[in-house]
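Each chain, written out:
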Amino acid sequence: MSLVPFIPETAPFSEEQRAWLNGFLAGVFSGTQERPAADPPPSLKIAVLYATQSGTAEGLARKVVKDLKAKRHVVSLTSMEGYTPAALAEERYAILIASTYGEGDPPDSAQPFYQQLCIERFPRFQDLSYSVLAIGDSHYENFCKFGADLDSKLAALGAVCISPRVDCDVDLDDSFASWKEALYAQLDDIVANRPARNAPSSSLTVENAMALGGPAPSTQTSRRIYSRENPFLAPIVEKRPLTADNSSKLTMHMTFSIADSDLQYQAGDACAVVPQNDVRLVEEIIHSLRFSPQAPVELPKRGTVPLVEALTNHLQITRVTRKMLEAYATIGSCDTLFALLTPEKQELLDKYTWDRGLIDLIHDYPGILHNPADLVAMLPKLAPRLYSISSSPLAHTGEIHTTVAVVRYHAHERERGGVCSTLLADRTGLGDRRPIYIQPNKKFRLPEDPDTPMIMIGPGTGIAPFRGFLHERRALGSQGKNWLFFGERSATRDFFYRDELESMLRDGHLSRLDTAFSRDQPEKIYVQDRMRENSHLLWNWLQEGAFLYVCGDASRMAKDVDRALHSILQEAGCMEPDAAQAYIQGLKDDHRYHRDVY
Ligand SMILES: Cc1cc2nc3c(=O)[nH]c(=O)nc-3n(C[C@H](O)[C@H](O)[C@H](O)COP(=O)(O)OP(=O)(O)OC[C@H]3O[C@@H](n4cnc5c(N)ncnc54)[C@H](O)[C@@H]3O)c2cc1C
Ligand SMILES: NC(=O)c1ccc[n+]([C@@H]2O[C@H](COP(=O)([O-])OP(=O)(O)OC[C@H]3O[C@@H](n4cnc5c(N)ncnc54)[C@H](OP(=O)(O)O)[C@@H]3O)[C@@H](O)[C@H]2O)c1
Ligand SMILES: Cc1cc2nc3c(=O)[nH]c(=O)nc-3n(C[C@H](O)[C@H](O)[C@H](O)COP(=O)(O)O)c2cc1C
């Protein structure tokens, strides 16, 4: 009689996992019980790598891992942060999911990996087969560029592409699905045509056993997970301006109640709001086209809905993209528009699309759309908008606070507004509910050590996560020093959370509060000027191990602050430019320099 091993209760598995593993072992060792899965053994060893800043690429990578495990592959999931080209060269199959930032750059966390890869000169990935999923946003000039660069670089270094790269826009469900379909079909072919000897070791490890169909690591509870498809309808319980009536801008503090939900977040996360277009604009578009608001139209995954519902809740109507223009030009065989789409007219195209929406296109090039289905097919999906959470789950139980700058501008004889920020400002009252979910930001967290000093640079709405951090640290009783740089246009009109911050300064929770009000004097003063004025102190804090955080505008502020940091290191730290660069890279490598910029 053979002894059947079993997994003891003390082993680090859930009940479900333990029961499954014990059944599996009994089957293997007795030879009598049926194996839990009759399918062939694990097929390929596949590395799934992701490069992310705000978690989208990681979320997609996890979905791919789940699918591949279900297909009996042995799969690893790794962030490109801390990963090396040498490790990649050891792999046979790799799937890379990468988002793009900056001017077509990798996310911060993937920069060292990519820089090292770019140094590689000789093909040394001949044994590697790979596929890239690039994710981005076509409103940016360098759409999905990092994914594309990664793809070309791997090919140049000898790796074989098993399934072509797909570039996903904000509305990524369909592209993600088609990329997966093609990739999985290729992997199935590889498995079907390869000799069994290539299969990974058949020795029984927990990972192998799990890959054979064991339950995924348990999530411990049956908490409801909210997402874009399944958001929580959160009531607004507080809404007040943070700017004075006579300010040149409107920024609001808005609180959502999550008391009746399973929503959980950590300081540093963002709240995603699923927006809705302004019904007046929707009606104007429908009227201009002489369509019926109730005309039935098909939406992927939603089926048939009235046109007015599609344009209000599901499709982006306030921006014009190249893709939209291409579709519009094709429907109308419009040569003037085709001319605008040629590469040499890129600058004109950018100028046209910058501050126009669908309504302008319809007026500027009339008589093209005769069918609601054509209109719906050419519009991108309406994407959720993210707002850095400005509360702390410990200090503000049951609530999510946000700090929302309202986007308004005048262009082409029309008052215009950002979809979501004006929805919250103009069309959402106290007690109204809005669909939300949490977008985790795992890279933007408080230091684990409560005594670590923190330097936070957050002009404008960039202050949001730092208000959350400060409240969280207070609730935790953390003793680490806190230094905040805040900037806005005017001290009397735009000093967000002034009372709260000054009170924290008085009681010592904030060690320093440095403000830069850009429009209170003839010359501009920005946060980086205040940093430079305090360069020696800032250097001392860094030497004491301070973590550095930057949040807010990506297009100019974050770059200027980074430049200021370099010059502070050169001046106060007496470093040559290269040494300053290396020091900053060291801060990043040690997870002491965090950016959440948009
Ligand atoms: C991780 C993250 C965190 C964020 N946190 C915050 C936050 O805490 N607070 C906050 O307010 N926002 C935050 N944002 C930005 C936020 O998600 C939205 O992008 C912002 O509110 C605008 O969305 P909207 O729907 O109102 O505008 P949209 O409908 O998206 O319109 C914005 C677009 O309008 C056009 N536009 C804007 N101004 C002008 C102008 N003057 N002239 C011509 N065209 C113009 C531009 O094309 C611009 O891209 C964050 C974004 C990210 C990615
Ligand atoms: N709030 C709006 O009306 C609005 C409209 C469209 C887009 N946005 C975008 O939304 C994001 C956040 O906007 P926000 O309302 O939080 O504020 P913001 O526009 O980032 O402004 C906050 C403060 O930062 C200053 N600033 C401008 N350029 C800077 C630089 N290079 N370095 C450091 N500081 C700089 C601004 O000064 P000055 O403005 O005096 O130069 C202001 O004092 C940004 O990406 C912004 O571009 C905002
Ligand atoms: C500050 C900022 C810069 C961005 N730059 C680009 C860009 O140059 N090209 C692009 O295709 N997408 C760009 N994006 C869009 C992101 O790639 C996109 O939101 C992606 O889904 C983010 O993935 P992640 O959550 O995995 O980081 C940018 C987004 C932000 C917030």
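Look above for the structure.
What you see is a predicted model; the values in this text were computed from it and never measured.

> Kindly report on the overall build of the protein chain, identifying the contributing residues and their values.
If you tally the helices and strands in the protein chain, you get 21 helices and 21 strands. Counting across all 598 residues of the protein chain, residues that qualify as buried make up 51%. Across the protein chain, every contact between residues at least 6 apart in sequence was considered, and the portion connecting residues at least 24 apart equals 76%. By element, 52% of the accessible surface of the protein chain is carried by carbon and sulfur atoms, the whole surface being about 28,700 Å².

> Report on the sheet that holds strand E7 (residues 232–241), specifying residues and quantitative values.
Pairing is antiparallel in the open sheet, where six strands are placed in the order E12-E9-E16-E7-E8-E13. Across the chains shown, the open sheet's two edge strands, defined by having one partner strand only, are strand E12 (385–388) and strand E13 (399–405). Sheet twist, expressed as the mean angle between neighbouring strand axes with direction ignored, is 40°. Relative to strand E8 (residues 251–257), E7 is paired through five bridges, and the arrangement is antiparallel. Along E8, the bridge assignment pairs glutamate 238 with threonine 255.

> Requested: an account of the site of ligand 2, with residues and values cited.
Thr461, Ser518, Arg519, Lys524 and Tyr526 are the nearest of the 19 residues found near ligand 2. Arginine 519 has a polar side-chain atom sitting 2.7 Å from an oxygen atom of ligand 2. Contact between ligand 2 and lysine 524: an oxygen atom at 2.7 Å from a side-chain N or O atom of the residue. In the complex, the protein chains occlude 79% of the 850 Å² of accessible area that ligand 2 would expose alone. Every element with two or more residues in the shell around ligand 2 is listed here: strand E18 (482–488) and helix H20 (557–571). Looking at the shell around ligand 2, its residues break down into six nonpolar, five polar and eight charged.

> Run through the pattern of salt bridges, naming residues and quoting values.
Under the criterion given, the structure shown has 36 salt bridges. Across the pair lysine 249 and glutamate 488 runs a salt bridge, and its minimum N-O distance is 2.9 Å. Placement of lysine 249 in the loop between E7 and E8 and of glutamate 488 in strand E18 is noted, with a sequence separation of 239 residues between them. By relative accessible area, lysine 249 is classed as partly exposed at 25%. Classification of glutamate 488 by relative accessible area gives buried; the value is 7%. Notably, a salt bridge pairs glutamate 500 with arginine 467, separated by 2.7 Å at the nearest N-O pair. Residue glutamate 500 is located in helix H17 (residues 498–506), and its partner arginine 467 is located in helix H16 (residues 464–476); the two are separated by 33 residues in the primary sequence. The exposure class of glutamate 500 is partly exposed, given its relative accessible area of 23%. Each member of the salt-bridge network shares a partner with another, and the members are Asp171, Asp173, Arg228, Glu229, Lys301 and Lys381.

> Just give me the short version of the sheet that holds E18, but keep the residues and values in it.
With parallel pairing, the five strands of this open sheet are ordered in space as E19-E18-E17-E20-E21. The open sheet has two free edges, formed respectively by strand E19 (512–517) and strand E21 (593–597), since each of these has just one partner strand. Between one strand axis and the next, the sheet turns through 10° on average, direction left out of account. For strand E20 (residues 547–552) and E21, the ladder comprises five bridges, and the chain directions are parallel. Bridge pairing in E21 places glycine 552 opposite valine 597.

> Help me get a handle on the site of ligand 1, residues and values and all.
Of all residues adjacent to ligand 1, which total 20 residues, the nearest are Arg319, Arg385, Leu386, Tyr387 and Ser421. At 3.1 Å from a nitrogen atom of ligand 1 is found a main-chain nitrogen or oxygen belonging to serine 388. Taking threonine 403, its main chain carries an N or O atom lying 2.8 Å from a nitrogen atom of ligand 1. Its free accessible area being 980 Å², ligand 1 has 76% of it covered by the protein chains. Per-element tally for the shell around ligand 1: the top contributor is E12, with four residues.

> Help me get a handle on the layout of surface pockets, residues and values and all.
The calculated volume of the second largest pocket comes to roughly 370 Å³. As for the second largest pocket, its lining consists of 22 residues, of which Glu81, Asp108, Ser109, Lys588 and His591 are closest to the centre. Those elements giving two or more residues to the lining of the second largest pocket turn out to be helix H4 (111–119), helix H21 (577–589) and E21. Taken together, the residues of the lining of the second largest pocket break down into six nonpolar, nine polar and seven charged.

> Can you break down H16 residue by residue, with the values?
In this model, H16 (13 residues) spans 19 Å end to end at C-alpha, consistent with the 18 Å of a helix rising 1.5 Å per residue. A positive phi of about 75° marks glycine 477, the residue just after H16.

> If you had to explain the environment of threonine 342 to someone new, which residues and values would you point to?
Relative to the elements of secondary structure, threonine 342 occurs in the loop between helix H11 (335–340) and helix H12 (346–354). One polar contact links the side chain of threonine 342 to the main-chain carbonyl oxygen of alanine 339, over a distance of 2.7 Å.

> Which residues make up the environment of arginine 408, and what values go with them?
Mapped onto the elements of the fold, arginine 408 is located in strand E14 (residues 408–410). On the basis of relative accessibility, which here comes to 45%, the residue arginine 408 falls in the partly exposed class. Separated by 159 residues in the primary sequence, arginine 408 and lysine 249 place their C-alpha atoms 8.6 Å from one another. Here aspartate 426 takes part through its side chain, which lies 2.9 Å from a polar atom of the side chain of arginine 408.

> Talk me through the pairing of strand E17 (residues 454–457); I want residue IDs and the actual numbers.
Residues of E17 alternate between two faces, with Met454 and Met456 on one and Ile455 and Ile457 on the opposite face, all of them buried. As paired elements, E17 and E18 share four bridges and run parallel to each other. Bridging from a neighbouring strand, methionine 456 pairs with leucine 484 of E18. The parallel pair E17 and E18, bridged by H16, forms a crossover whose chirality is right-handed.

> Residue-level account of the packing of aromatic side chains, with values.
With the rule as written, the count across this model stands at 19 aromatic pairs. For the ring pair tyrosine 114 and phenylalanine 146, a centre distance of 5.0 Å and an interplane angle of 85° mean the geometry is edge-to-face. Of the two residues, tyrosine 114 is situated in helix H4 and phenylalanine 146 in helix H5 (residues 145–156); the sequence distance between them amounts to 32 residues. Like tyrosine 114, the residue phenylalanine 146 is buried in the burial classification. Taking 6.0 Å as the distance between ring centres and 35° as the angle between the ring planes, the aromatic pair formed by phenylalanine 444 and phenylalanine 466 counts as tilted. Taken as a pair, phenylalanine 444 in the loop between strand E16 (433–439) and E17 and phenylalanine 466 in helix H16 lie far apart in primary sequence, 22 residues in all. Assigned by exposure class, phenylalanine 444 and phenylalanine 466 land together as buried. Within the aromatic cluster, the residues linked to one another by ring pairs are Phe444, Phe466, Phe469, Phe547 and Tyr549. Positioned over the ring face of tryptophan 541 is lysine 481, at 4.3 Å from the centre of the ring.

Basis of the calculations
- Residues numbered from 1 in each chain as written.
- Chains lettered and ligands numbered in written order.
- Predicted model: local features only at pLDDT ≥ 70, side-chain atom pairs only at ≥ 80, totals over all residues.
- Heavy atoms only, no water.
- Helix = DSSP H or I, 4+ residues; strand = E, 2+ residues; numbered from the N terminus.
- Buried < 20%, exposed > 50% of the residue type's maximum accessible area, 1.4 Å probe, protein only.
- Contact = heavy atoms within 4.5 Å.
- Areas by Shrake-Rupley, 256 points an atom, 1.4 Å probe, with all protein chains shown as cover.
- Pairing = 2+ DSSP bridges.
- Axes fitted to C-alpha atoms, helices over the stretch in contact; angles between N-to-C directions.
- Near = heavy atom within 4 Å.
- Polar contact = N/O pair within 3.5 Å; in protein donor to acceptor, adjacent residues only side chain to side chain.
- Nonpolar A, V, L, I, M, F, W, Y, C, P; charged D, E, K, R; others polar.
- Salt bridge = Lys/Arg side-chain N within 4 Å of Asp/Glu carboxyl O.
- 1 Å grid on protein atoms, 1.4 Å probe; cavity = no way out; pocket = protein on both sides within 12 Å on 5 of 7 lines; lining within 4 Å.
- Points joined across faces, edges and corners; volume = space filled by probe spheres on them.
- Expected span 1.5 Å × (residues − 1).
- Right-handed = clockwise from strand over helix to strand, strands pointing away.
- Phe/Tyr/Trp six-rings, centres within 6.5 Å; stacked < 30°, edge-to-face > 60°.
- Lys NZ or Arg CZ within 6 Å of the ring centre and 35° of its normal.

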